[in-house]
Amino acid sequence: MPRASVKKTVSARKAALVFGTFCAVVILGVSAYVSVSKAPRSELRTQFITFGGKRFQVAVADTNKARAKGLGDYESLANDEGMLFVFERPGKHCFWMKDVEFPIGIFWLDEERRVVKSIDSLSPDTYPELFCPEEPVNYVLEIAGGQAQNLQKPLKLEL
């Protein structure tokens, strides 16, 4: 085989190897980005709700373990996100700001899903103070703080 042909073959192989390596790196990078960006913020199931005429995607805390953890692993909440605490029985369920690093709005709701108590913007600095409703509730909704003025009244949770 002539020398020029051998050089072209070697060059073509090197170019193919470089191109193949580049493609593999790009594919791995895109795959890693997609898996991280679509990873759930929480291991809890999520669902969409309507509250005050606004749609929210909420993580549902309906076990003792999930309710105890709450928003403790979250760095923040978007204005269309929240956490819905669901209790088996009505009670005067109290909340605190343990491990929560950002202001939140808290809404206590009765079995008819009507608000019986709310705090628009609760600061993390209030920990270890407890916040409790005066009446028994079945649900508690936590959203990013300061949104109450943007919600339509009367406030009612629609699942």
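Structure: above.
Our subject in this report is the structure included herewith. (Residues numbered from 1 in each chain as written. Predicted model: local features only at pLDDT ≥ 70, side-chain atom pairs only at ≥ 80, totals over all residues. Heavy atoms only, no water.)

Digging into the layout of surface pockets
(1) Moving on: The volume enclosed by the largest pocket comes to roughly 260 Å³.
(2) Moving on: Contributing to the lining of the largest pocket are 16 residues, with Arg67, Ala68, Lys69, Gly70 and Trp96 lying nearest its centre.
(3) Moving on: Those elements that place two or more of their residues in the lining of the largest pocket are helix H2 (64-69) and strand S3 (81-91).
(4) Moving on: Looking at side-chain class alone, the lining of the largest pocket contains 8 nonpolar, 3 polar and 5 charged residues. (1 Å grid on protein atoms, 1.4 Å probe; cavity = no way out; pocket = protein on both sides within 12 Å on 5 of 7 lines; lining within 4 Å. Points joined across faces, edges and corners; volume = space filled by probe spheres on them. Helix = DSSP H or I, 4+ residues; strand = E, 2+ residues; numbered from the N terminus. Nonpolar A, V, L, I, M, F, W, Y, C, P; charged D, E, K, R; others polar.)

Quick notes on the nonpolar core
(1) Moving on: With 22 residues, the main nonpolar core has Leu71, Ile104, Trp108 and Val140 as its most contacted residues.
(2) Moving on: When residues of this core are traced back to their parent elements, those giving at least two are strand S2 (54-61), S3, strand S4 (104-109), strand S5 (115-122) and strand S6 (137-144).
(3) Moving on: For isoleucine 104, the residues in contact, after removing those within four places along its chain, are Leu71, Met97, Ile119, Asp120, Ser121, Leu122, Glu142, Ile143, Ala144 and Gly145.
(4) Moving on: Membership of the second largest hydrophobic core comes to 15 residues, among which are Ile49, Phe107, Leu151 and Leu157. (Core = buried A, V, L, I, M, F, W, Y, C linked by side-chain atoms within 4.5 Å. Buried < 20%, exposed > 50% of the residue type's maximum accessible area, 1.4 Å probe, protein only. Contact = heavy atoms within 4.5 Å.)

Here we look at the state of the cysteines
(1) Moving on: Enumeration over the complete set of coordinates arrives at 1 disulfide.
(2) Moving on: Paired through a disulfide, cysteine 94 and cysteine 132 show a sulfur-sulfur distance of 1.9 Å. The S-S bond linking cysteine 94 to cysteine 132 shows a torsion near 115°; that makes this disulfide right-handed. Pair noted here: cysteine 94 is in the loop between S3 and S4 and cysteine 132 is in the loop between S5 and S6, with a separation of 38 residues, a long-range link.
(3) Moving on: On the basis of relative accessibility, which here comes to 25%, the residue cysteine 132 falls in the partly exposed class. (Disulfide = S-S within 2.5 Å.)

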